[in-house]
Each structure stands twice: as C-alpha cells, then as structure tokens.
Amino acid sequence: MARRALITGITGQDGSYLAEHLLDQGYEVWGLARGQANPRVSRMRKLLADVQVVRGDLLDQGSLISAVERVQPDEVYNLGAISFVPMSWEQAELTAEVTGMGVLRMLEAIRVCSGVSRGGGSSPSGQIRFYQASSSEMFGQVTETPQTERTAFHPRSPYGVAKAYGHFLTQNYRESYGMFAVSGILFNHESPRRGAEFVTRKVTLGVARIKLGLATELRLGNLEARRDWGYAGDYVKAMHLMLQAASPEDYVIGTGRMKSVRELVEAAFTAAGLDWERHVVVDQSLHRPAEVDLLCADPKKARAQLGWEPSVSFDELVAMMVESDLRLLSAGGDPDQDSSWP
C-alpha cells in the first residue's frame, strides 16, 4: 500500500516541488487547501493532476483534525505560512496566527488523531511523522557565521519570530509527547516558481522585462544583504529525507556559500547579456525596518547524516530563473498568476 503524505502550502513553490518528488517516490499525496474554489488550487491541479485536495485552514483547529482524520497520513509536511517577510510587518497578527499558531494547531491535530499522550504513548495505528518548515530568518542578527543547528536565534521580523515559535513548539512536542516531529531550518531557496514579490524573482522578472523592452530600470533596496541561495527542487528532497531518518532531529539546509543581492543582480543581468549598472536604481524606501545583513548555512550535519547535497549552483539557478521569465513574458504570461510553472 502506498505511503500517504499531507502537505500544507501545497500551492506554493515548495509544496509543488515536494508533491512532485513524493509522487515520483510512489506516495499518495494530499494537499490542504482552504477551499476547492481557490484559484491557486485550480492552477496546482493542472501541474499536479494526481494530488488529492482536502479542505482545511491553519487558522481553524477543527478543520485540521477533520483533514488528518480523513487523509490518515503517514507523513505531514507543514509548509503553509505567511512567507513574504516584508508583509509580516504589515500583517503581523495574521503572520503570528498562520505562521506561528498554525504549527500548534497542526501538531495538536496530529496528536489527537494519533492518540498520542504525554510520555509518547500512541495508538496502534502508528505514528504520524511531522515536518515543520523552519527558516534561516530565525537567526536574524546572527551571533556566528556560518549558522548551525545550535546557533542562537535573534529574529528581526514578525515572520522570523513566528517561525521561531513554531520551531521551538515542534521540539517541545517531540520531547513532551515522543512525537516524530522535526524542523528543517532552510536557507533561501528559489526557482522559477517563486512568487513575484520575492527579491530573486523580482530581479529575474525585471531583467526579462528590460531585455524584452518592456522596462528600462529595476528598483531595489539593500544590495549588500547577503544570503545563502539554493534551488528549491533540491531542498524539498532534504525535507523528505528528514522524515525517513531513524530518529527525529532538526537540520540546517543550505549550500554553505553566501552571495550578495548585488551578485544576484550581476548574475541575472549577465545571463541576459545586459549591463546591470545601466538599469538598477537603489531605492531606500525598499529597505526593511530591521535588516538581516547576512545568512549562511553550515549543512555538515545534513550531509553526514542524510547524505543530502545541493545539485544546482547559484549561477545555474539564476540563469534558470531568467530563462524561465523570458519565456513567460514572451508568451504574454502573468507572473502574479503562477503561469511560470511548467
């Protein structure tokens, strides 16, 4: 009998790549969605015709219990979140409810449906394994570089704070109830499916528009911020590997190499045969209220214990995104409608 996985955030970048990977592994895949009429669900169905959809909302405890009871998953991947960091200042309360409290509601749904009690006793039906999508934004104002599983958190946004809450809560349920609950502390991971509001996609779309004569400039904020950027398709494989391990542990996932936004811009314009200095305008209004200057992963533990390695380089990733956006805009596609998905 095929193993069964339930994914929250199925319509996002990571959810779609994870669903594809699990389907390739022979899983029966279910996606949690707030409503069948959700247009993002319709677009997702075109890409992932074999994914089944169950209704549920991270804001509604009862709906999550119902979803888990219906699906009876072997594994739950909690990827759902208000994930655009700048928006978390504008919608701080909603971010706390979805990105933070949503983790608690899902953990409780799994605990209730599995019959897990304090001390780790569980029902004969077996234990549901839980993956929480933690974030490098939890490190924020870093205390050391590179960051490991033991690096202290100092989040610099409501998003980062909410992710830290979910991370510690996952640890707490693992230690208090004996649940197989893990967190993947993923550093920035991108793809052609990344939302148009994120800086990587903003850059590659901007380059494509300039290359096609649809724009003449690209306005950006802090060019000196440095991140550890990798390919989302690689990172979802690490999520799956964490739930196949013999024991539940948390892992940092990244490339171990930092690049600045300036280097991202240079790589993107180079991929299109353009000179970035002729088109990029620095706009101070686009800076974050509290900036995170640098993030860099130390993925040694994931490499040693999971055998995980990234396969796509930074330059390959940026070129992939630029080429995808050139095809998308040339065909008259709308980036805000996820039509860049293959």
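Residues numbered from 1 in each chain as written. Predicted model: local features only at pLDDT ≥ 70, side-chain atom pairs only at ≥ 80, totals over all residues. Heavy atoms only, no water.

Engineer: For unusual backbone geometry, give the residues involved together with the corresponding values.
Structural biologist: In this structure, the amide linkage connecting Thr145 to the following residue, Pro146, adopts the cis form with an omega of 0 degrees. Along the chain, the position of Pro146 falls in the loop between strand 5 (129-135) and helix 6 (158-177). One non-glycine residue, Gln72, adopts positive backbone phi at about 55 degrees. In this structure, Gln72 sits in the loop between helix 3 (61-71) and strand 4 (75-78). (Helix = DSSP H or I, 4+ residues; strand = E, 2+ residues; numbered from the N terminus.)

Engineer: So, the pattern of salt bridges: which residues are in play, and what are the values?
Structural biologist: The final tally for this structure, using the stated rule, is 14 salt bridges. Two residues, Arg303 and Glu309, come together in a salt bridge whose shortest N-O distance is 3.0 Å. Judged by its relative accessible area of 37%, Arg303 falls in the partly exposed class. Three or more residues joined by partner-sharing salt bridges are found here, namely Glu217, Arg219 and Asp283. (Salt bridge = Lys/Arg side-chain N within 4 Å of Asp/Glu carboxyl O. Buried < 20%, exposed > 50% of the residue type's maximum accessible area, 1.4 Å probe, protein only.)

Engineer: Residue-level account of the pairing of strand 6 (residues 181-186), with values.
Structural biologist: Most of strand 6 sits inside the fold, with six of its six residues counted as buried. Residue alternation in strand 6 divides its side chains into two sets, Ala181, Ser183 and Ile185 and Val182, Gly184 and Leu186, and both sets are buried. Across six bridges, strand 5 lies against strand 6 in parallel orientation. By the bridge assignment for strand 6, Tyr131 is matched with Val182. Handedness of the strand 5-helix 6-strand 6 crossover: right-handed. Judged from the three bridges that link them, strand 6 and strand 11 (residues 251-253) form a sheet pairing that is parallel. From the neighbouring strand, Gly184 faces strand 11, where its bridge partner is Tyr251. (Pairing = 2+ DSSP bridges. Right-handed = clockwise from strand over helix to strand, strands pointing away.)

Engineer: Which residues make up the side chain of Ser191, and what values go with them?
Structural biologist: Position of Ser191 relative to the elements: it lies in the loop between strand 7 (189-190) and helix 7 (199-211). Of the residues examined, Ser191 reaches a relative accessible area of 0% and is grouped as buried. Among the polar contacts made by the side chain of Ser191, one reaches the side chain of Tyr17 at a distance of 3.5 Å. With residues near it in sequence (within four places) discarded, Ser191 still touches Gln13, Tyr17, Arg201, Tyr231, Ala232, Leu317 and Met321. (Polar contact = N/O pair within 3.5 Å; in protein donor to acceptor, adjacent residues only side chain to side chain. Contact = heavy atoms within 4.5 Å.)

Engineer: Account for the pairing of strand 2 (residues 28-33), with residues named and values stated.
Structural biologist: Within strand 2, five of the six residues are buried, which leaves it mostly tucked inside the rest of the structure. Bridging between strand 1 (residues 4-8) and strand 2 involves five bridges; their strand directions are parallel. By the bridge assignment for strand 2, Ile7 is matched with Gly31. Regarding the hand of the β-α-β motif, the stretch spanning strand 1, helix 1 (residues 13-24) and strand 2 is right-handed. Across four bridges, strand 2 lies against strand 3 (residues 52-55) in parallel orientation. In the sheet register, Gly31 faces strand 3, and the bridge partner there is Val53.

The analysis is restricted to geometry; functional conclusions fall outside its scope.
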